[in-house]
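Structural description and commentary
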Amino acid sequence: MAAGQVHGKTVANVVIELGRFVRPRGLGTLVASDSGVLLERDPDTVREPDVAFTSAERLPPGSEVEGYAEVIPDLVAEVASRGDSRYEVYDKARMLLGHGVRLVRVVNPRTRTVRVHHPDLRL
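What comes next concerns the included structure. Here the structure is a predicted model, which means the values were calculated and not measured.

**Here we look at the sheet that holds strand E4 (residues 51–55)**
With respect to topology, 5 strands assemble into an open sheet ordered E1-E4-E5-E6-E7, the strand pairing being mixed. With one partner strand each, in any of the chains shown, strand E1 (28–32) and strand E7 (113–117) form the two edges of the open sheet. Taken pair by pair, the neighbouring strands of this sheet meet at an average axis angle of 15 degrees, ignoring direction. Bridge analysis of E4 against strand E5 (residues 75–79) gives 3 bridges, and the strand direction is antiparallel. Paired with Ala52 across the two strands is Val76, which belongs to E5. Across the sheet, helix H2 (residues 86–98) touches E5, strand E6 (103–108) and E7, and the angle it forms with E6 is around 160 degrees.

So this is what it looks like as structure tokens:
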């Protein structure tokens, strides 16, 4: 189910702003939704973050990943959809951190807020 235009516009803005910082410095790979990240095998767990950044240390520059990425991103930005409850977003952030994502930013376009989650903060 499509999340809607506000969601898509917010994702695009996050990608644009992060891209302005990441690309000129060659810091790593930045992808938007639909790319998929394989978090674990047997059973396979795949998630599609709205925005994911993987550092050049974890994914060498120029790497072309066919299918789902098997390298855990350093940063994930999730945009809360209109139908998402606070608990759903919290659970998603906690799950991503539990699989090695170093920083999760939850962007809420309705409240115009960004919540930052990382392993050292109690969720």
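**Thoughts on helix H1 (residues 5–25)**
With 21 residues, H1 should reach 30 Å at 1.5 Å per residue; the first-to-last C-alpha distance of 30 Å fits that figure. A bend of about 40 degrees at Gly19 is the largest found in H1. Of the residues making up H1, those classed as buried are His7, Thr10, Val11, Val14, Gly19 and Val22. Just downstream of H1, Gly26 is the residue with a positive phi angle, here 60 degrees.

The rules behind these values
Residues numbered from 1 in each chain as written. Predicted model: local features only at pLDDT ≥ 70, side-chain atom pairs only at ≥ 80, totals over all residues. Heavy atoms only, no water. Pairing = 2+ DSSP bridges. Helix = DSSP H or I, 4+ residues; strand = E, 2+ residues; numbered from the N terminus. Axes fitted to C-alpha atoms, helices over the stretch in contact; angles between N-to-C directions. Contact = heavy atoms within 4.5 Å. Expected span 1.5 Å × (residues − 1). Bend = angle between axes of the 7 residues up to and from the residue. Buried < 20%, exposed > 50% of the residue type's maximum accessible area, 1.4 Å probe, protein only.

Note that every value here comes from positions in space, so none of it alone points to a role or purpose.
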